[in-house]
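Here is how the chains run, residue by residue.
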Amino acid sequence: MGRVICEQTITIDGCAAGLNQSEDRPFGDDGGDGCGNRLHAWMFDRPEENREELEQLGAAGAFIMGRNMFGPVRGEWDGRWKGWWGDDPPFHAPVYVLTHHPRQPQPMDGGTTFHFITDGIASALAQARDAAGDEDVLIQGGATTVNEYLGAGLVDELRLHIVPYTMGAGVRIFDGVPPLDLEQTRSRASSLVTHMTYRVIG
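Residues numbered from 1 in each chain as written. Predicted model: local features only at pLDDT ≥ 70, side-chain atom pairs only at ≥ 80, totals over all residues. Heavy atoms only, no water.

### Topic: the environment of Glu49
So, step 1. Assignment of secondary structure puts Glu49 in the loop between helix H1 (41–44) and helix H2 (51–57).
So, step 2. You can call Glu49 partly exposed: its relative accessible area is 32%.
So, step 3. In this structure the C-alpha to C-alpha distance between Glu49 and Ala189, which are 140 residues apart in sequence, comes to 9.9 Å.
So, step 4. Excluding residues that lie within four positions of it along the chain, Glu49 makes contacts with Arg188, Ser190, Ser191 and Leu192.
So, step 5. Polar side-chain contacts of Glu49 include one of 3.5 Å to the side chain of Ser190. (Helix = DSSP H or I, 4+ residues; strand = E, 2+ residues; numbered from the N terminus. Buried < 20%, exposed > 50% of the residue type's maximum accessible area, 1.4 Å probe, protein only. Contact = heavy atoms within 4.5 Å. Polar contact = N/O pair within 3.5 Å; in protein donor to acceptor, adjacent residues only side chain to side chain.)

Below, the structure written as C-alpha cells:
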C-alpha cells in the first residue's frame with residue numbers, strides 16, 4: 001500500500017487561496033490576477049528549476065480534492081462544469097472529489113475520471129486506496145480538504161511549496177487542525193519557492 005500525501009502551494013502566511021473565488025478567478029483575491037499565476041509561478045515560469053517537484057505532483061495512483069478545488073459551482077450540479085483543467089486534466093488517474101451533492105462519474109481525456117464522493121473523507125480515501133493499489137494517494141487540496149485529512153490523522157507525508165509573499169486573508173493550511181508532530185525530511189529552495197517535505201508523526 002502506498003502513502004497518503006498532501007501537497008499544497010502556500011504563501012508564507014499560510015494561504016493556499018484568497019477570498020472571493022469565482023469561475024474567472026479560481027484563487028480569488030490572491031494578491032495577483034486571481035488565477036494563481038503569482039502563487040504558482042514556480043510551476044509555470046521556472047519548470048526546469050522545479051522539475052523534480054513537478055514530477056512528484058503527478059506521481060500518484062489516485063487523487064483526492066475538495067469540491068472547491070474542482071470548481072466554484074455550489075449547490076446541486078448542473079452538469080456543465082467539468083473542472084478547471086479542460087478536456088485533458090493533468091491527473092491521468094482516478095480523482096475523488098468531496099461533495100455533498102451526488103453526481104455521476106465524469107470521464108475525461110487522458111485517463112482522468114472524476115468520481116464525486118458524498119459520504120466523507122474516509123470513504124474517499126478508501127476508494128482512492130483501492131484504485132491506487134501499491135501507488136501513493138495524493139491529496140491536492142484545497143487547504144480545507146488538506147486540513148480535514150491532517151486533523152483526522154490520515155496523512156503520512158506533507159509537502160509544502162512556500163512562495164515568498166503574504167496574502168493577508170484567505171484559506172489557510174492548518175486552520176482548525178490539532179497540534180501535529182512533523183519530521184522535516186527534505187528542504188530545497190529555488191528562485192521562486194521553497195519546497196518542504198515533512199513526515200507526519202502524529
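What follows continues from the structure just given.
### Looking at the pattern of salt bridges
So, step 1. Counted according to the given criterion, the structure contains eleven salt bridges.
So, step 2. Arg3 serves as the salt-bridge partner of Glu157, at 3.1 Å between the closest nitrogen and oxygen. Taken together, the residues span a long stretch of sequence, with Glu157 in strand E8 (residues 157–163) and Arg3 in the segment before strand E1 (4–11) at a distance of 154 residues.
So, step 3. Using a relative accessible area of 36% as the deciding quantity, one classes Arg3 as partly exposed.
So, step 4. Where salt bridges share partners, they join Arg3, Glu7, Asp136, Glu157 and Arg159 into one cluster. (Salt bridge = Lys/Arg side-chain N within 4 Å of Asp/Glu carboxyl O.)

### Observations concerning the pairing of strand E11 (residues 194–200)
So, step 1. By the criterion of burial, E11 is predominantly enclosed, with five of the seven residues buried.
So, step 2. Two elements, E8 and E11, share six bridges in a ladder whose sense is antiparallel. Within E11, the residue paired with Glu157 across the bridge is Arg199.
So, step 3. If you look at the hairpin formed by strand E10 (residues 182–189) and E11, you'll find four residues sitting between the two strands. (Pairing = 2+ DSSP bridges.)

### A look at the packing of aromatic side chains
So, step 1. Tallied over the full model, the rule gives nine aromatic pairs.
So, step 2. Seen from their ring centres, Trp81 and Trp84 are 4.9 Å apart, and the 85 degrees between their planes marks the pair as edge-to-face.
So, step 3. You can call Trp84 partly exposed: its relative accessible area is 25%.
So, step 4. Between the aromatic rings of Trp85 and Phe114, the centroid separation amounts to 6.0 Å while the plane-to-plane angle is 25 degrees, which identifies the pairing as stacked. Note that Trp85 is positioned in the loop between helix H3 (67–70) and strand E4 (94–98) and Phe114 in strand E6 (residues 113–117), a separation of 29 residues in sequence.
So, step 5. Owing to a relative accessible area of 26%, Trp85 belongs among the partly exposed residues under this scheme.
So, step 6. Chaining the aromatic ring pairs together yields one cluster made of Phe63, Phe70, Trp77, Trp85, Phe91, Phe114 and Phe116.
So, step 7. Residue placement shows Arg38 over the ring face of Tyr165; its charged tip is 3.8 Å from the ring centre.
So, step 8. Residue placement shows Arg103 over the ring face of Trp77; its charged tip is 4.8 Å from the ring centre. (Phe/Tyr/Trp six-rings, centres within 6.5 Å; stacked < 30°, edge-to-face > 60°. Lys NZ or Arg CZ within 6 Å of the ring centre and 35° of its normal.)

### Quick word on the nonpolar core
So, step 1. Residues Ile64, Tyr96, Ala124, Ile139, Val146, Tyr149 and Leu158 are the most contacted members of the largest nonpolar core, which totals 28 residues.
So, step 2. Counting only elements with at least two residues in this core, the list comes to E1, strand E3 (62–66), E4, helix H4 (121–132), strand E7 (137–141), helix H5 (143–151), E8 and E11.
So, step 3. Take this core: its biggest share by element is five residues, from H4.
So, step 4. Filtering out sequence-adjacent residues up to four positions away, Ile64 remains in contact with Tyr96, Leu98, Ala124, Leu125, Ala128, Val137, Leu138, Ile139, Gln140, Gly141 and Tyr149.
So, step 5. Within the second largest apolar cluster, 16 residues are counted, among which are Ile5, Phe63, Val95 and Leu138. (Core = buried A, V, L, I, M, F, W, Y, C linked by side-chain atoms within 4.5 Å.)

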